[in-house]
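The residues making up each chain are set out below.
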Amino acid sequence: MSEHEFPPHVDHLNVEANGQRFYAAAAGPQGGPLVLLLHGFPEFSYAWRRQLGPLAAAGYRAVAIEQRGYGLSTKPERVADYAADVLAQDIVDIATALGHDRVDVVGHDWGGLVAWRLATEHAERVRRAAILNAPHPSTLLQHVLYDPGQALKSAYIGLFQLPWLPEAVLRAGDFHLLQRALTQTSRPGVFSDEELAVYRDAWGQEGALTAMLNWYRAMSLAPSLADRRVTPPVRVIWGDRDTALNASLAEDALTLCDRGEVFHLPEATHWLHHEEAEQVNALLLEFLGSVR
């Protein structure tokens, strides 16, 4: 995977934290407030290329983390190494390694689930949390249990927890199904052929596909967040045309937040930070506030 796929203003970092080595793409002044951008499945740091520039221009030090198991970051072999509390500790330790006690976090999909856990278990380290199309893990479970429609949409989660078979299926045909997971659930033309080639390169890194799936296999291993309050300010930004997640999950998450708000993007899908980058960036900058 080539670093030149990012704009020229991006710095390429390798950060040692929590016993792992993390690749990250960074932009903005070294002394600026730190914003950590957390991607989901099946993306990697490249997912945030449309956000890095605007955040940097506003004075933030924006760092798109390649989370453990993805792309150029290390890929431990045990399923237990991907439990959600471990993933959250990664981000805490990355912030420390970058010299910051408190940070803003922006998470999409699985990155949003990590951000929810950060804002709950490590609230003293989180100034603000912006969540893009990622339900609170406790409310998601309730929807899956009691809403047949959401249960059907979430059936793939159970399939991904099987041994070896998901790897074989997703790797077939040069990652055909993973490419369709991007192109068939987004607006037409959002992911170009050139961009899909970059994704295939990331998925093809040795051990990456199994590591990415291990996030799903480890879902039951972390402590529950049920009845735990989220105390930092939270802004949920939700693409309502998400084919995998009900839009009502956005409001349900707020029931666990002391200070939360939701912004719906009616025409956006799960991939809102690609499709509606300008609007998403404006909402992020408004929420994070002025640096100066």
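Residues numbered from 1 in each chain as written. Predicted model: local features only at pLDDT ≥ 70, side-chain atom pairs only at ≥ 80, totals over all residues. Heavy atoms only, no water.

**Some points on the environment of D81**
Here is step 1: Assignment of secondary structure puts D81 in the loop between β4 (61-65) and α2 (84-97).
Here is step 2: A residue is classified by how much of its surface remains accessible, and D81, at 15% relative accessible area, is buried.
Here is step 3: Spatially, the C-alpha atoms of D81 and G111 are 16 Å apart, while their sequence positions differ by 30 residues.
Here is step 4: Side chain to side chain, D81 and R78 meet in a polar contact 2.7 Å long. (Helix = DSSP H or I, 4+ residues; strand = E, 2+ residues; numbered from the N terminus. Buried < 20%, exposed > 50% of the residue type's maximum accessible area, 1.4 Å probe, protein only. Polar contact = N/O pair within 3.5 Å; in protein donor to acceptor, adjacent residues only side chain to side chain.)

**What about the nonpolar core?**
Here is step 1: Residues L36, L37, F41, L52, W116 and L118 are the most contacted members of the largest nonpolar core, which totals 96 residues.
Here is step 2: In this view, L52 contacts F6, V10, A25, A27, L37, A62, V63 and A64; residues no more than four positions away in its chain are not counted. (Core = buried A, V, L, I, M, F, W, Y, C linked by side-chain atoms within 4.5 Å. Contact = heavy atoms within 4.5 Å.)

**Points about the sheet that holds strand β7 (residues 234-239)**
Here is step 1: Taken together, the eight strands give an open sheet; going across it, the order is β1-β2-β4-β3-β5-β6-β7-β8, and neighbouring strands pair in mixed fashion. In this open sheet, the two edge strands, each paired with only one partner strand, are β1 (11-17) and β8 (260-265). Mean inter-strand twist for the sheet, computed between neighbouring axes without regard to direction, equals 25 degrees.
Here is step 2: Sheet contacts for helix α1 (residues 49-57): β2 (20-27), β3 (34-38) and β4; angle to β4, the most-contacted strand, approximately 160 degrees.
Here is step 3: Packed onto the sheet, helix α12 (residues 277-288) meets β3, β5 (103-108), β6 (126-132), β7 and β8 and runs at close to 160 degrees relative to β6. (Pairing = 2+ DSSP bridges. Axes fitted to C-alpha atoms, helices over the stretch in contact; angles between N-to-C directions.)

**Section: the pairing of β3**
Here is step 1: With five of five residues buried, β3 lies mostly within the body of the structure.
Here is step 2: Along β3, one buried face is formed by L34, L36 and L38 and the opposite face, lined by V35 and L37, is buried too.
Here is step 3: Where β3 lies against β4, five bridges are found, and the strand directions are parallel. Paired with V35 across the two strands is A62, which belongs to β4.
Here is step 4: Remark: the β3/α1/β4 crossover connection has right-handed handedness.
Here is step 5: In the sheet, β3 pairs with β5 via four bridges, with the strands oriented parallel. Opposite L36, over in β5, you have V105 as the bridge partner. (Right-handed = clockwise from strand over helix to strand, strands pointing away.)

**Observations regarding the packing of α2 against helix α3 (residues 110-121)**
Here is step 1: Remark: α2 packs on α3, axes separated minimally by 9 Å, with the N-to-C direction vectors making an angle of 75 degrees. With respect to α3, the element α2 is oriented roughly perpendicular. When α2 is examined against α3, the residues A84, D85, L87, A88, I91 and V92 are found in contact with a partner set consisting of V114, R117, L118 and E121.
Here is step 2: In terms of residue class, the contact of α2 with α3 is built from seven nonpolar, no polar and three charged. (Parallel < 35°, antiparallel > 145°, perpendicular 65-115°, else oblique. Nonpolar A, V, L, I, M, F, W, Y, C, P; charged D, E, K, R; others polar.)

**Considerations on the pairing of β4**
Here is step 1: Counting buried positions along β4 gives five out of five residues, so the element sits mostly inside the fold.
Here is step 2: Both faces of β4 are covered, namely the face carrying R61, V63 and I65 and the face carrying A62 and A64.
Here is step 3: Alignment of β2 against β4, held across four bridges, turns out to be antiparallel. Across the sheet, residue A26 finds its bridge partner in β4, namely V63.

**Points about helix α7 (residues 165-183)**
Here is step 1: Under the 1.5 Å per step criterion, the end-to-end length of α7 is only 23 Å for 19 residues, more than 12% shorter than the ideal 27 Å.
Here is step 2: Within the sequence span of α7, burial applies to P166, E167, L170, F175, L178, Q179 and L182.
Here is step 3: Structurally, α7 contributes buried residues whose contacts are with α6 (155-160), α8 (193-203) and α9 (208-217). (Expected span 1.5 Å × (residues − 1).)

**A short note on a nonpolar patch on the surface**
Here is step 1: Taken together, the side chains of L159, L162, W164, L165, V169 and L177 make up a nonpolar region of the molecular surface, amounting to roughly 580 Å² of accessible area.
Here is step 2: Among the elements that take part in the nonpolar patch, α7 stands out by supplying three residues, more than any other.
Here is step 3: Positionally, V169 belongs in helix α7. (Patch = residues over 30% accessible without salt bridge, like charges linked within 9 Å, V, L, I, M, F, W, Y side chains within 5 Å. Areas by Shrake-Rupley, 256 points an atom, 1.4 Å probe, with all protein chains shown as cover. Salt bridge = Lys/Arg side-chain N within 4 Å of Asp/Glu carboxyl O.)

**Quick word on the packing of α7 against α9**
Here is step 1: For the pair α7 and α9, the least separation of the axes is 11 Å and the interaxial angle reads 125 degrees. Classified by the angle between their axes, α7 and α9 sit oblique to one another. Classified by chirality, the crossing of α9 by α7 is right-handed. Within the contact between the two elements, α7 uses P166, E167, L170, R171, F175 and L178 and α9 uses L209, T210, L213 and R217. (Left-handed = near helix turned anticlockwise from the far one by under 90°.)

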